[in-house]
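Observations on chain architecture
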Amino acid sequence: MTHGNPADFRTLMAGFPTGVTVVTTTGSDDLPRGMTLTSLCSVSLKPPVLLVCMRRGSPTLEAVQDVRRFAVNLLHHRARYTAELFASGAPNRFDRVPWLADDGAAGPHLVDAAHTIADCTVTNDQVVGDHVVIMGRVIRVTRMAEEQHPLLYGLRRFATWPDTEDHLSYDFIS
């Protein structure tokens, strides 16, 4: 047994499949910023609050902390290209995907890649190791497409929900 080994921790987390999101915002310079994340979780229903964890030193994190708002784009199963693009750090990634940002948007909405988008305002942030935990109060939810299977990531690969009629459905929130 090893203690605190980053490789072991990555192996642990790879065995925990999760949804894929792109967090977006617009910096104080009015330029769009965004990054792929798999660390998203619900915190509270009343009021609606979620949390995301973002890598310290990220330009997207710096913009979120500056403007105090962000959008969470939940990606659908056909959005692997977008997930990889926003994970790459490519400087021109917003030139490669369609997006919109109306007056109520807390960040660019990835209109072709997201099945649902949450616009959030930052209520709290906390440095934890090499990441920052951002708490966001959800101010608006926009459903982009009906019946979209989410893009999932686990075991170091992308996947989606099985398309089957023979499944159990549970509706819960912690």
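Residues numbered from 1 in each chain as written. Predicted model: local features only at pLDDT ≥ 70, side-chain atom pairs only at ≥ 80, totals over all residues. Heavy atoms only, no water.

1. Some details on the packing of aromatic side chains
This is how it is decided: Classification of ring pairs rests on two measures: the distance between centres of Phe, Tyr or Trp rings, Trp counted by its six-membered ring, which must be within 6.5 Å, and the angle between planes, read as stacked under 30 degrees, edge-to-face over 60 and tilted in between.
Under the defined criterion, the tally for this structure stands at three aromatic pairs. Ring centres of phenylalanine 94 and tryptophan 99 lie 5.5 Å apart, and the angle between their planes is 75 degrees; on these two criteria the pair is classed as edge-to-face. Three or more aromatic residues link up through ring pairs in this structure, and these residues are Phe86, Phe94 and Trp99.

2. Points about the sheet that holds strand S8 (residues 131-143)
Note the threshold: Should DSSP find at least two bridges between two strands, the strands are regarded as paired. Each helix is a run of H or I in the DSSP string that is no shorter than four residues. Each strand is a run of E no shorter than two, and both are numbered from the N terminus. The axes used here are C-alpha line fits, helices contributing only the stretch in contact, and every angle between their N-to-C directions lies in the interval 0 to 180 degrees. Contacts: residue pairs with any heavy atoms within 4.5 Å of one another.
Taking strand neighbours across the sheet as the criterion, the seven strands line up as S3-S2-S6-S7-S8-S5-S4 in an open arrangement whose pairing is antiparallel. With partners counted over all chains shown, the strands left at the sheet margins are strand S3 (32-37) and strand S4 (40-44), one partner each. Each strand axis lies, on average, 35 degrees off the axis of its neighbour in the sheet, ignoring direction. Lying over the sheet, helix H2 (residues 59-67) contacts strand S2 (21-26), S3, strand S5 (49-55), strand S6 (69-75), strand S7 (114-128) and S8, oriented at roughly 55 degrees with respect to S2. Here helix H3 (residues 80-88) sits on the sheet in contact with S2, S3 and S6, set at roughly 110 degrees to S3.

3. Structural notes on unusual backbone geometry
Put simply, lysine 46 and proline 47 share a cis peptide bond, and its omega is 0 degrees. Within the element layout of this structure, proline 47 appears in the loop between S4 and S5. A positive phi angle is found at aspartate 30, which is not glycine, with a value near 65 degrees. Locating aspartate 30 in the fold gives a position in the loop between S2 and S3. With phi around 65 degrees, arginine 68 is a residue other than glycine that occupies positive phi space. Locating arginine 68 in the fold gives a position in the loop between H2 and S6.

4. Section: H3
To keep things clear, this is the line we draw: When accessible area is computed with a 1.4 Å probe and restricted to protein chains, residues below 20% of their type maximum are described as buried, those above 50% as exposed, and intermediate ones as partly exposed. The directions considered for the arc run from the helix axis to the C-beta atoms.
Within the span of H3, buried status applies to Thr82, Ala83, Leu85 and Phe86. End-on, the buried residues of H3 take up no more than an arc of 165 degrees, which puts them together on one face. Looking at the buried positions of H3, the neighbouring elements they touch are S2, S3, S6, strand S9 (151-154) and strand S10 (157-160). Immediately downstream of H3, the backbone of glycine 89 shows phi near 80 degrees, a positive value.

5. Describing H2
For clarity, the threshold we go by: In protein, a polar contact requires one atom able to donate a hydrogen and another able to accept it; more generally it is a pair of N or O atoms within 3.5 Å, and residues adjacent in sequence count only if both atoms are side-chain atoms.
Among all positions of H2, only Thr60, Leu61, Ala63, Val64 and Val67 are buried. When H2 is viewed along its axis, its buried side chains cluster within an angular range of 165 degrees and face the same direction. Tucked inside the fold, the buried residues of H2 contact S2, S3, S5, S6, S7 and S8. Where H2 begins, the capping side chain belongs to serine 58, and its oxygen is found 3.1 Å from the backbone nitrogen of threonine 60. Immediately downstream of H2, the backbone of arginine 68 shows phi near 65 degrees, a positive value.

6. What to know about the nonpolar core
Counted only if it meets this: Buried residues of nine kinds, namely Ala, Val, Leu, Ile, Met, Phe, Trp, Tyr and Cys, make up a nonpolar core once their side-chain atoms join them within 4.5 Å.
Val23, Leu50, Val52, Met54, Phe70, Val72 and Ile134 are the most contacted members of the largest nonpolar core, which totals 16 residues. Counting only elements with at least two residues in this core, the list comes to S3, S5, H2, S6, S7 and S8. Core analysis: the second largest hydrophobic core is formed by 13 residues, Val22, Ala83, Phe94 and Leu110 among them.

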